[in-house]
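Descriptive structure summary
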Amino acid sequence: MRFSRLGSVAAAGVLAVALAACSGGGAGSGGDAPAAGGATQAPADLLVGVSMPTQTSERWIADGNSVKEQLEQAGYQVELQYANDDIPTQSQQVDQMITQGADLLVIAAIDGTALSSQLQAAKDSNIPVISYDRLIRDSPNVDFYVTFDNFQVGVAQANALLTGLGIKTADGSAGTATGPFNIELFAGSLDDNNAFFFFNGAMSVLQPLIDSGQLVVKSGQTSIEQAAILRWQQETAQKRMEDLLTGAYSDGTKINGVLSPYDGISRGIITALQNAGYGGADPMPVVTGQDAEIASVKLINDGVQSSTIFKDTRLLAEQAVVAAKAFLGGTQPEANDTTTYENGVKVVPSYLLPIETVYKDNIQESLIDSGYWTAEEVASGQSS
């Protein structure tokens, strides 16, 4: 998988340092952690628990390994666990990390509302908690959040859909196409807070065009509850797309575009469309995505998927480690957003990283030249 190349994270670190310099220094910095009586503890004496949601997505494997590698390079002990998309498993794993004496927790939650008792136990043991990419909700015991600008991810996905349809150009100016175009909407898992940011960001762009009739959601399914795909599963997305095609499009009407929030969902959508004859006599609809997964990057390169949102998770891992060092050094990480991410109990101080839309014509510049994927991996659709 891609984490085998995350030794190149040094390059990402340089980018993150540059990013931090532009925005006020990054999440923070810290040296040895102060212990009782004013002494300090060396990193080698400190344990960081890292809880990731699943190994079914290449990005979470890469995230977990990148965070672990960077923490270990800084001298910390690391316990990395994957929960295989099972909420009780993740709860048990976090409990075990606390019992083992973790000094800090980095958690990418499966269900952002399901870890309240574990977070309370962490608080009772003075263990800081960093919420990683997915905001942990309904608890006051979340100390920091590292993520991307998730509302803007949705905005970018919607603009990529409009670009693919020809309503806009890649630079944001007006295109020549006027429509009307038939589109369908997909959203992420309702237990992931990010799904709402993605969908709301996209709909802030698409809703006016739906209201004007330039875009038509023929199924009528325009709410996030109707569009949601539990656990972001590719197979679930394929089944929903099949149902939409046999329902709303059984009269021979063609679909022109699909808003997809994640590459795995996109691949499920594309499979359903191909099975229905799209991509042959009928052109493949415009399909968006997110995460620049290698299988989808190949599809974009081959002209099958239209776009993806690139979130450089090397920089996200870097920022999580910078925040961890701050906490373990006895200081507060520096946030660049202290207003947006309200988790139902408190606004969680956050550090947001930038995103980039990838089309076929900028794969080289965005993904290959940056060292995220190699040209060989893009050509094969498989990570090395």
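What comes next is a walk through the structure. Every value quoted in this text rests on a predicted model; they were computed, and no experiment measured them. (Residues numbered from 1 in each chain as written. Predicted model: local features only at pLDDT ≥ 70, side-chain atom pairs only at ≥ 80, totals over all residues. Heavy atoms only, no water.)

Let us look at the environment of V297. Note that V297 resides in helix 10 (residues 294–301). Residue V297 is classed as buried on the basis of its relative accessible area of 0%. Sequence separation between V297 and Q382 is 85 residues, and the spatial gap between their C-alpha atoms is 9.7 Å. (Helix = DSSP H or I, 4+ residues; strand = E, 2+ residues; numbered from the N terminus. Buried < 20%, exposed > 50% of the residue type's maximum accessible area, 1.4 Å probe, protein only.)

What follows concerns the environment of I136. By the element assignment, I136 lies in the loop between strand 6 (129–132) and strand 7 (144–148). Between the C-alpha atoms of I136 and N343, which are 207 residues apart in sequence, the distance is 6.8 Å. Non-local contacts of I136, meaning those with residues more than four positions away in its chain, are made with I107, A109, G112, L119, V129, S131, V142 and N343. (Contact = heavy atoms within 4.5 Å.)

Across the two faces of strand 5 (residues 104–107) the burial is the same, with L104 and V106 and L105 and I107 all buried. Both strand 5 and strand 6 contribute to a ladder of three bridges, which runs parallel. Bridging across to strand 6, I107 finds its partner in S131. Traced from strand 5 through helix 4 (residues 116–124) to strand 6, the parallel crossover comes out right-handed. (Pairing = 2+ DSSP bridges. Right-handed = clockwise from strand over helix to strand, strands pointing away.)

Taken as a whole and judged by the stated rule, the model has 13 salt bridges. Residue R59 is joined to D63 by a salt bridge in which the shortest nitrogen-to-oxygen separation is 2.8 Å. Linking R59 with D63, this pair stays in helix 2 (residues 58–73), spanning four residues, or about one helical turn. R231 is the salt-bridge partner of D191, the closest N and O atoms lying 2.0 Å from each other. Linking D191 in the loop between strand 8 (181–185) and helix 6 (193–212) with R231 in the loop between helix 7 (224–227) and helix 8 (234–248), this pair joins segments that are 40 residues apart in sequence. Exposure remark for D191: the relative accessible area of 17% places this residue in the buried category. (Salt bridge = Lys/Arg side-chain N within 4 Å of Asp/Glu carboxyl O.)

Time to look at the nonpolar core. Residues V50, L71, I130 and Y132 are the most contacted members of the largest nonpolar core, which totals 31 residues. Among the elements of the structure, strand 3 (47–52), helix 2, strand 4 (77–82), strand 5, strand 6, strand 7, helix 11 (313–328) and strand 13 (350–353) are those that each provide at least two residues to this core. The dominant element in this core, judged by the number of residues it contributes, is helix 11, at nine residues. Contact partners of V50, with chain neighbours within four places excluded, come to V67, L71, V78, E79, L80, Q81, M97 and V106. Counting 27 residues, the second-largest nonpolar core is a separate cluster that includes A156, A195, A237 and Y249. (Core = buried A, V, L, I, M, F, W, Y, C linked by side-chain atoms within 4.5 Å.)

This part is about the sheet that holds strand 13. Taken in spatial order, the six strands make up an open sheet running 4-3-5-6-7-13, and their pairing is parallel. The two strands at the open ends of the sheet, each matched to only one other strand, are strand 4 and strand 13. This sheet shows a mean twist of 15 degrees between the axes of neighbouring strands, independent of strand direction. (Axes fitted to C-alpha atoms, helices over the stretch in contact; angles between N-to-C directions.)

Here strand 6 shows a buried face lined by V129 and S131 and a second buried face lined by I130 and Y132. In the sheet, strand 6 pairs with strand 7 via three bridges, with the strands oriented parallel. By the bridge assignment, I130 is partnered in strand 7 with F144.

The next thing to look at is helix 6. The end-to-end C-alpha distance of helix 6 is 29 Å, a good match for the 28 Å that 20 residues give at a rise of 1.5 Å each. The sharpest bend along helix 6 comes to roughly 45 degrees, located at S204, with the proline P208 sitting one to four residues further on. Taking the backbone nitrogen of N194 as reference, a side-chain oxygen 2.9 Å away marks D192 as the first, capping residue of helix 6. The first or second residue beyond helix 6 is G213, which carries a positive phi of 90 degrees. (Expected span 1.5 Å × (residues − 1). Bend = angle between axes of the 7 residues up to and from the residue. Polar contact = N/O pair within 3.5 Å; in protein donor to acceptor, adjacent residues only side chain to side chain.)

We now examine the side chain of E184. Mapping E184 onto the fold places it in strand 8. An unpaired buried charge is present at E184: no salt bridge exists, and R240, the closest side chain of opposite charge, is 5.0 Å distant. A polar contact of 2.6 Å, which involves the side chain of E184, links it to the side chain of S219. When near neighbours in sequence (up to four residues on either side) are disregarded, E184 contacts V217, K218, S219, L244, Y249, I255, G257, V258 and L259. (Lys, Arg positive; Asp, Glu negative; His and termini not counted.)

By themselves, these figures tell us nothing about what the structure is for.
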